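# Coordinate analysis (summary)
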Amino acid sequence: MYRFLLTPRWWGINLFAVLAIPLCVFMGTWQLGRFEDRVQSHEQATKQPAPGARAAKPLDDLLPVDTVTSGRPATATGRYADQFLVPGRELDDRSGFYVLNMLRTDGGKALPVVRGWLPGKPGHTPVPAAPTGEVTVTGDLQASENTGTDGVDTAGGLPDGQLGIISAASLVNLVPYDVYDAWVTLQDTGSSSGAEGSALRPVPAVAPQGSGLDLKAFQNLGYTGEWFVFAAFVLFMWFRLVRREAEAARDVKLGLVPDTDADTDTHAGTRTA
């Protein structure tokens, strides 16, 4: 009854099912793994102690920035150089801007240092001057921003001295020296305090991207379900087609329906005669 499975048409159907089902299961398993990785990263991030409770380490010991080193206190020594204002940044639901200075280290590379946040717009709020001479800073380490980071401005057209995104890729086009692919945010801005209303406020470190249960994590979970449903649908349709074909073959054998193939051969023989 099932000899039809060996026909050329069914070879194609069988091959499609044999390839499609494992592919769907593999993609579903991969998406599930991505979701589990995000859950694990989220759990690790919540278990990590607060940045201020961890001992500071030299900057070079914490690079490159990853989900483990992000937010760790890092120390670096050098002299402040170029200053940039980063507009469109919010703190406590207030609009303002970051004050960022390039710290030229003894090795020649510069570390972007966010000395703090000020309310208002750049050019309308007095900015406290950066310390002069050699300084040693301790700040929470952060990865370079990208187009998906909250608050970044990728439209361009900012005035001179302003920066839309804190990243080495953007800063190397503005300064004549190498830049670390990371930045730090100072939590102690006491030395940068100015007059009332212009005192720098510390910018809290943010969790590394991909370490939280955000929309993308639940998208991975949704895609997992979709791929497993596709696999089940292919298997269901294959069984349904097999059953329908087997029932048709049985009906022909019992004489309940005419054998169209036999009738075709008979008519062909008559025309030939």
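Residues numbered from 1 in each chain as written. Predicted model: local features only at pLDDT ≥ 70, side-chain atom pairs only at ≥ 80, totals over all residues. Heavy atoms only, no water.

Turning to the overall build of the chain, a few remarks are in order. Secondary structure assignment for the chain yields five helices and six strands. Listing every helix and strand of the chain by position from the N terminus yields α-β-α-β-β-β-β-α-β-α-α. Put simply, the chain has 273 residues, and 34% of those count as buried. Looking at the chain alone, contacts between residues at least 24 apart form 65% of all its contacts between residues at least 6 apart. (Helix = DSSP H or I, 4+ residues; strand = E, 2+ residues; numbered from the N terminus. Buried < 20%, exposed > 50% of the residue type's maximum accessible area, 1.4 Å probe, protein only. Contact = heavy atoms within 4.5 Å.)

We now examine the pattern of salt bridges. Under the defined criterion, the tally for this structure stands at three salt bridges. For the salt bridge of Arg9 with Glu245, the shortest nitrogen-to-oxygen distance reads 3.0 Å. In this pair, Arg9 is assigned in helix α1 (residues 8-47) and Glu245 in helix α4 (residues 215-254), connecting sequence segments 236 residues apart. The partly exposed category is assigned to Glu245, whose relative accessible area is 24%. For the salt bridge of Asp92 with Arg201, the shortest nitrogen-to-oxygen distance reads 2.5 Å. (Salt bridge = Lys/Arg side-chain N within 4 Å of Asp/Glu carboxyl O.)

All right, on to the side chain of Arg115 then. In this structure, Arg115 sits in strand β4 (residues 110-119). Asp188 is the oppositely charged side chain nearest to the buried, salt-bridge-free Arg115, at an N-O distance of 11 Å. Looking at Arg115, its side chain comes within polar contact range of the side chain of Gln83, at 3.1 Å. (Lys, Arg positive; Asp, Glu negative; His and termini not counted. Polar contact = N/O pair within 3.5 Å; in protein donor to acceptor, adjacent residues only side chain to side chain.)

This part covers the pairing of β4. Counting buried residues in β4 gives ten out of ten residues, a clear majority hidden from the surface. Inspection of the sheet shows strand β3 (residues 94-105) paired to β4 by nine bridges, in the antiparallel sense. Residue pairing across strands places Arg104 opposite Ala110, the latter belonging to β4. Hairpin connection between β3 and β4: a loop of four residues separates the two successive antiparallel strands, and Gly108 in this loop has a positive phi of roughly 105°. Bridge analysis of β4 against strand β6 (residues 183-186) gives two bridges, and the strand direction is parallel. (Pairing = 2+ DSSP bridges.)

Before going further, it helps to examine the packing of aromatic side chains. Pairs of aromatic rings are described using the distance from one ring centre to the other and the angle between the two planes. Inspection of every chain in the model, using the stated rule, returns two aromatic pairs. Pairing Trp227 with Phe230 gives two aromatic rings, centres 5.8 Å apart and planes at 90°, and the pair type is edge-to-face. Of the two residues, Trp227 and Phe230 both sit in helix α4, three residues apart, roughly one turn of that helix. When its relative accessible area of 25% is taken as the criterion, Trp227 is described as partly exposed. Judged by its relative accessible area of 42%, Phe230 is partly exposed. Centroid distance Trp238 to Phe239: 5.1 Å. Interplanar angle 80°. Geometry classified as edge-to-face. One Lys or Arg, Arg104, reaches over the ring of Tyr177 and ends 4.1 Å from the middle of that ring. (Phe/Tyr/Trp six-rings, centres within 6.5 Å; stacked < 30°, edge-to-face > 60°. Lys NZ or Arg CZ within 6 Å of the ring centre and 35° of its normal.)

As a further point, take the nonpolar core. Counting residues in hydrophobic clusters, the biggest one holds 18 residues, and the most contacted among them are Phe84, Tyr98, Leu100, Met102, Val114 and Ile166. Taken together, the elements giving at least two residues each to this core come down to β2 (73-91), β3, β4 and α3 (168-171). The contacts of Phe84, once residues within four sequence positions are left out, are Tyr98, Val99, Leu100, Met102, Gly161, Leu163, Leu171, Leu174 and Val175. Judged by nonpolar contacts, the second largest core, of 16 residues, contains Ala74, Val135, Leu141 and Leu186. (Core = buried A, V, L, I, M, F, W, Y, C linked by side-chain atoms within 4.5 Å.)

Before going further, it helps to spend a moment on the confidence of the model for the chain. Model confidence for the chain is summarised by a mean pLDDT of 83, while 81% of its residues fall at 70 or above. Taking the mean pLDDT of every element in the chain, the minimum, 45, falls on helix α5 (residues 260-272) and the maximum, 96, on β4. Low confidence marks residues 191-196, where pLDDT is under 50. Its contacts with residues over four positions away, or in another chain, come to eight contacts. Note on residues 262-273: pLDDT under 50 across the span, and one contact to partners over four residues away in sequence or across chains. (pLDDT = per-residue confidence, 0-100.)

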